[in-house]
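Residue-level structure breakdown
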Amino acid sequence: MLKIASAAAGAGAAVAASPASAAGGVFAHPGMLHTRADLARMASKVKAGAQPYTAGFAKLTANRHAQSTWTANPQATVYRGSGTPENYVTLYNDIHAAYQNALRWHVTGETAHADAARDILNAWSAKLTKLEGSADRFLASGLYGYQFANAAELIRGHDGFELARFQKMMLNVFHPLSEDFLANHNGAYITNYWANWDLTNIASVLAIGILCDDRGKVDRAVQYFKHGEGMGSIKNAIPVVYSGGLAEWAEAGRDQGHALLGVGLMGTICEMAWNQGIDLYGYDDSRFLKGAQYVAKWSMGGDVPYTSYTRKKGAPGVWSGTETASAAAAVDPAMARPIWAMIANHYTKRRGLDAQYLTRIAARFAPEGGGGDYGPNSGGYDQLGFGTLAFTRARATAAETKASPTPSTTGSGAPGSGSASATPSSASPQGGRSGDLAATGSSDLPAWTAATGVAALAGGLLLLRRRGQARRDSGQ
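Conventions used here
- Residues numbered from 1 in each chain as written.
- Predicted model: local features only at pLDDT ≥ 70, side-chain atom pairs only at ≥ 80, totals over all residues.
- Heavy atoms only, no water.
- Helix = DSSP H or I, 4+ residues; strand = E, 2+ residues; numbered from the N terminus.
- Areas by Shrake-Rupley, 256 points an atom, 1.4 Å probe, with all protein chains shown as cover.
- Expected span 1.5 Å × (residues − 1).
- Buried < 20%, exposed > 50% of the residue type's maximum accessible area, 1.4 Å probe, protein only.
- Arc of directions from axis to C-beta.
- Contact = heavy atoms within 4.5 Å.
- Polar contact = N/O pair within 3.5 Å; in protein donor to acceptor, adjacent residues only side chain to side chain.
- pLDDT = per-residue confidence, 0-100.
- Salt bridge = Lys/Arg side-chain N within 4 Å of Asp/Glu carboxyl O.
- Phe/Tyr/Trp six-rings, centres within 6.5 Å; stacked < 30°, edge-to-face > 60°.
- Lys NZ or Arg CZ within 6 Å of the ring centre and 35° of its normal.
- Core = buried A, V, L, I, M, F, W, Y, C linked by side-chain atoms within 4.5 Å.

Observations concerning the overall build of the protein chain
The helix and strand tally for the protein chain stands at 16 helices and seven strands. Entry remark: accessible area of the protein chain is about 16100 Å², with carbon and sulfur atoms responsible for 51%.

Next up, the structure:
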């Protein structure tokens, strides 16, 4: 069926970290999930044989996507949710191969991996012209948009990489859908789509803005994160702050998998913003810290409070109904997603805060892998991963809190170097389609009680996918 305030836990360290800033408003490159300093740290720690970096790097090198022999299979049109062929699996596998090879290049300096990443990205930018499908096309624009941009950011300036052509693809294929979703929500009521739908597309708009040196897109993503009307803005995704350093994650009333996805996406947005000088991690008295602590405690089997939450579903003129979550859903403490190392290291090492649940859950699932290590379906590819390698850091010193990536639009830094970034072109949002609202997940969890109108369809205009198909690829 259709689905659409207390202080931060712990005491602060003597030194408070500041986000990296790009001098004079110039973008810092690389400056999404990884900065030059991050990449240099990974390389030096792995070379020195230091743990847990070597364990994290071993997860990377063992992944079949991280091999320089990977060959891209680009498509002109990618379909997700409906359409023929429904071929989005090809896209996300190639994206993860590009990202993993690019990351491996930065750690080892082996140019075969940079060349492999370049060839994958060039192949797609030469062919892809359209994302199609059901409402799931908006998941494709969001998830694969932010991931594609991160892979490209790691090799911008590498010899032979067609950056300008890749930017054009991101602006013409991914950004219009992401912006259209944030503006129109596929013609549905604003609460029809759970938080992760917004968060995927916030991440995409932000990453594309950074990749294309487009301040307007970055500002759009940041403002929506703070003040957007949809469920993915921070105060809607985390609606209740409790005493003791926890804040309710609304989607905990839905199920564990989607709550974990949301936390991972919000962390991704915060990390990318931080590396451009914007502190979303600390926004609203570190509201995200409290929400992440809540999900971490709950996912490990701990008791958490839950304030009953009701949302409206459907679309104007089609049908409407409501659903109420009355308690946090059941959990499987063994359920893993590679999301925790990044968040835990920010709050405990950059900020020096006590985040006991984040620390415990990050340790439980270390070393983190990436796409291909968490199952074959799309949910196993929702995060880029490898956080143990990428985000493990020492407690920040005074000098480190003042350091920032070198502002640059001319290359990705060692081991790459290269060409200037092209000036981005404009892209206009395309209209949404109201007849294919997403089946955003199962409604048979005990915490949910259906209210009025759940089965009412107006004139048979709305085609509902079978629940089994909607759940075929968990994670959205």
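Looking at helix α8 (residues 215-227)
Structural remark: α-helix, 3.6 residues per turn; residues separated by three or four positions point the same way. Taking 1.5 Å of rise per residue, 13 residues should cover 18 Å, and α8 covers 18 Å from first to last C-alpha, within 8% of that figure. What α8 keeps buried is the set Lys-217, Val-218, Ala-221, Val-222, Tyr-224 and Phe-225. Looking straight down α8, one finds its buried side chains confined to an arc of 160 degrees; they lie on one side. Where α8 is buried, its residues contact α6 (163-184), α7 (195-211), α9 (234-237) and α10 (256-274). Measuring from the side-chain oxygen of the N-cap residue of α8 to the backbone nitrogen of Gly-216 gives 3.1 Å; that N-cap residue is Asp-214.

Describing unusual backbone geometry
Here Gln-51 and Pro-52 are connected by a cis peptide whose omega angle stands at 5 degrees. Note on placement: Pro-52 falls in the loop between α1 (36-47) and α2 (53-62). Note the cis peptide between Ala-366 and Pro-367, where omega equals -5 degrees. By the element assignment, Pro-367 lies in the loop between α13 (356-364) and α14 (387-391). For Asp-213, which is not glycine, the phi torsion reads 55 degrees and is therefore positive. Locating Asp-213 in the fold gives a position in the loop between α7 and α8. The residue Phe-386 is not glycine, and still its phi comes out positive at about 60 degrees.

Brief notes about helix α11 (residues 283-299)
Here α11 contains 17 residues, and its C-alpha end-to-end distance of 24 Å stays within 8% of the 24 Å for a straight helix at 1.5 Å per residue. For α11, a buried count of 14 out of 17 residues is recorded, marking the element as mostly surrounded by other parts of the structure. Positive phi shows up at Gly-301, right after α11, with a value of about 95 degrees.

A few points about the confidence of the model for the protein chain
The predicted model of the protein chain has a mean per-residue pLDDT of 84, with 78% of residues at 70 or higher. Below a pLDDT of 50 lies the segment residues 408-414, which in the model reaches 33 contacts outside its immediate sequence neighbourhood of four places, other chains included. Scored below 50 in pLDDT, residues 438-475 makes 102 contacts in the model with residues more than four places away or belonging to other chains.

Points about the pattern of salt bridges
Counting across every chain of the model gives 17 salt bridges. Of the charged contacts in the structure, one is a salt bridge between Asp-285 and Lys-290, with a shortest N-O distance of 3.1 Å. Owing to a relative accessible area of 43%, Asp-285 belongs among the partly exposed residues under this scheme. Here Glu-323 and Lys-313 are joined by a salt bridge, their closest N and O atoms 3.4 Å apart. Here Lys-313 lies in strand β5 (residues 309-315) and Glu-323 lies in strand β6 (residues 319-325), a separation of ten residues in the sequence. For Glu-323, a relative accessible area of 2% translates into the label buried. Through salt bridges with shared partners, one network takes in Asp-38, Arg-41 and Arg-393.

Remarks on the packing of aromatic side chains
Counted by the stated rule, this structure contains 15 aromatic pairs. When the centroid spacing of 4.6 Å and the interplanar angle of 35 degrees are considered together, the rings of Tyr-92 and Tyr-381 count as tilted. On the criterion of sequence distance, the pair formed by Tyr-92 in helix α3 (residues 88-108) and Tyr-381 in the loop between α13 and α14 is long-range, its members being 289 residues apart. Across this residue pair, the class does not change: Tyr-92 and Tyr-381 are buried. Members of the aromatic cluster, joined through ring pairs, are Trp-124, Phe-148, Phe-161, Phe-166 and Phe-174. Positioned above the aromatic ring of Phe-27 is the side chain of Arg-215, whose terminal nitrogen or guanidinium carbon lies 4.3 Å from the ring centre.

Focus on the nonpolar core
Membership of the largest hydrophobic core comes to 131 residues, with the highest contact counts inside it found for Phe-148, Phe-174, Trp-249, Met-266, Phe-288, Trp-340 and Leu-358. It is helix α5 (residues 136-155) that provides the largest number of residues to this core, a total of twelve residues. Apart from residues no more than four positions distant in its own chain, Phe-288 is found in contact with Ile-234, Ile-238, Trp-249, Val-263, Met-266, Gly-267, Cys-270, Tyr-281, Ile-343 and Tyr-347.

What about the environment of Phe-174?
Structurally, the position occupied by Phe-174 is in helix α6. Judged by its relative accessible area of 0%, Phe-174 is buried. On a C-alpha basis, the gap between Phe-174 and Ala-140 in space is 8.3 Å, while along the polypeptide they are 34 residues apart. Excluding residues that lie within four positions of it along the chain, Phe-174 makes contacts with Leu-128, Leu-131, Ala-140, Ser-141, Tyr-144, Gly-145, Phe-148, Met-169 and Ile-208.

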